[in-house]
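Remarks on the overall topology
Each chain is listed here by its residues.
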Amino acid sequence: MTEIPVTKASPKELKKKPALGMELGFGKIFTDYLFLMDHDPGQGWHHPRVEPYRPLSLDPAALVLHYGQEVFEGLKAYRWRNGEIYLFRPRMNYERLNRSARRLCMPELDVEFVLEATRQLIRLEKDWVPPAPGTSLYIRPNMIANEAALGVQISKKFLFYIMLGPVGAYYPQGFNPVDIYVTEKYIRAARGGLGEAKTLANYASSLLAQEEAHELGYTQVLWLDAIERKYAEEVGTSNIFFYIDDELVTPPLHGTILPGVTRDSVLHIARSLELKVTERMISLDEVISALESGKLKEVFATGTAAVISPVGKLAPRGKRHIISGGKVGPLSRKLYDHIMGIQYGKIKDPYGWMEKVA
Ligand SMILES: Cc1ncc(COP(=O)(O)O)c(C=O)c1O
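Residues numbered from 1 in each chain as written. Predicted model: local features only at pLDDT ≥ 70, side-chain atom pairs only at ≥ 80, totals over all residues. Heavy atoms only, no water.

1. What about a nonpolar patch on the surface?
The grouping of L56, L58 and L65 at the surface amounts to a nonpolar patch, some 230 Å² of accessible area in total. Mapped onto the elements of the fold, L56 is located in the loop between β2 (44-52) and α1 (63-67). Residue classification places L56 among the partly exposed residues on the basis of a relative accessible area of 31%. (Patch = residues over 30% accessible without salt bridge, like charges linked within 9 Å, V, L, I, M, F, W, Y side chains within 5 Å. Areas by Shrake-Rupley, 256 points an atom, 1.4 Å probe, with all protein chains shown as cover. Salt bridge = Lys/Arg side-chain N within 4 Å of Asp/Glu carboxyl O. Helix = DSSP H or I, 4+ residues; strand = E, 2+ residues; numbered from the N terminus. Buried < 20%, exposed > 50% of the residue type's maximum accessible area, 1.4 Å probe, protein only.)

If you want it as structure tokens, here you go:
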């Protein structure tokens, strides 16, 4: 593919790079450039370009601001010890972005084109990819409806952009168990709704539950199904796994759950470890009775941001249950080390998941 045109930032516009260690935190620092591209019915996707990072200029009537027509992704680039930079299963993210776009009546992207745009942007910004173990460059592709019009309707104009930012640990506590509050009051998604799309409404609807969980001293919320409020669905912005006896159980993808790239990777690895892996509905009652009978070995959440987050406490209906003695369980540790090992090039990647960028 041809080189995407770059408007160079003036030396004054270039940001001072912070110390690129774990203290970076998550989502606070952004690099110097954005990739942008426009869409309209006549031209389709056109005008791909790289420009200095800047505020977007949107008409106050831009449809995204009123009716939420937006989809996004989150993936990471990792710097290996030899200095090379790799992406982890990036096609899965862009294919998911296209599925989300279809659900929100938005135009699909050419996966190979946006992947190449991502690579070119990362090469331009390669000095921002942090070298410290556990750090990475977070990539946020975003598509928004930017036709200026009121009245609920499908936009005729869209903007796609990719922003980058160096990140450290998602949770300040690092790879340590998190405390999870089970909410029966709020739901994240119902079948037929938007749950399996990565779109802003799902995150807006999660804020109040998250806030109430924080006030009670918990890190995240366990979402139950919308109808019976009985079956586990997701944890915060992660997928959820339960290790009971010798079975690793995760809820099935039936429309309310985001099909996580990390979830899929854990399923592959767990099967290769010859664990019994089942995608099935699992009720909170089953989890609690497994806990009480000593059969519940571990609970963990999976996602790009934190990879594996072991659950140390689970609190349904005002009760606090301690999981794995409140410690990181052996399976969580093994999966974390395995996925991180592949992502940082420390162990063999038998699946061909890593893609070299620079
Ligand atoms: C609601 C939700 N569930 C699950 C995940 C985990 O998905 P992935 O492993 O692709 O990061 C995310 C993160 O993107 C999410 O936002």
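On we go from here.
2. Section: the site of the ligand
Around the ligand, the surrounding shell holds 15 residues, and the nearest of these are K198, Y203, E234, T262 and T304. Here an oxygen atom of the ligand sits 2.8 Å away from a polar atom, N or O, in the side chain of R96. Burial of the ligand by the protein chains amounts to 96% of its free accessible area of 380 Å². When contributions to the shell around the ligand are tallied by element, the ones reaching two or more residues are β11 (238-244), α6 (261-272) and β14 (296-303). Class assignment of the residues belonging to the shell around the ligand gives a composition of three nonpolar, eight polar and four charged. (Near = heavy atom within 4 Å. Polar contact = N/O pair within 3.5 Å; in protein donor to acceptor, adjacent residues only side chain to side chain. Nonpolar A, V, L, I, M, F, W, Y, C, P; charged D, E, K, R; others polar.)

3. Concerning the side chain of D38
Structurally, D38 is set in strand β1 (residues 33-40). Side-chain polar atoms of D38 contact the side chain of R49, separated by 3.0 Å. Those residues in contact with D38 that lie beyond four places of it in its chain are G44, W45, H46, H47, R49, F158 and L159. (Contact = heavy atoms within 4.5 Å.)

4. As for the pattern of salt bridges
According to the stated counting rule, one finds 25 salt bridges in the structure shown. Ionic pairing is found between R119 and E116, a salt bridge with its closest N-O pair at 3.0 Å. One end of the pair, R119, and the other, E116, are both in helix α3 (residues 111-124), three residues apart, so they sit about a helical turn from each other. The pair formed by R119 and E116 is uniform in burial state, with each residue classed as buried. Here E212 ties to K185 by a salt bridge, and the two come within 3.1 Å at their closest N and O atoms.

5. Details of the packing of aromatic side chains
For the structure on display, the rule yields 12 aromatic pairs. Between F175 and Y336 the ring centres are 3.7 Å apart and the planes differ by 10°, which places this aromatic pair in the stacked class. On the criterion of sequence distance, the pair formed by F175 in the loop between β7 (158-167) and β8 (178-183) and Y336 in helix α8 (residues 330-343) is long-range, its members being 161 residues apart. The exposure class of F175 is buried, given its relative accessible area of 16%. For Y336, a relative accessible area of 16% gives the class buried. Considering the side-chain rings of Y351 and W353, the 4.0 Å spacing of their centres and the 15° angle between planes classify their relative orientation as stacked. (Phe/Tyr/Trp six-rings, centres within 6.5 Å; stacked < 30°, edge-to-face > 60°.)

6. Regarding the packing of α6 against α8
It is at 11 Å that the axes of α6 and α8 come closest, and there the two elements cross at 110°. Considering the angle they form, α6 stands roughly perpendicular to α8. Residues T262, S265, V266 and I269 of α6 lie in contact with α8, whose contacting residues are L335, H338 and I339. Across the contact of α6 with α8, the residue classes break down as four nonpolar, three polar and no charged. (Axes fitted to C-alpha atoms, helices over the stretch in contact; angles between N-to-C directions. Parallel < 35°, antiparallel > 145°, perpendicular 65-115°, else oblique.)

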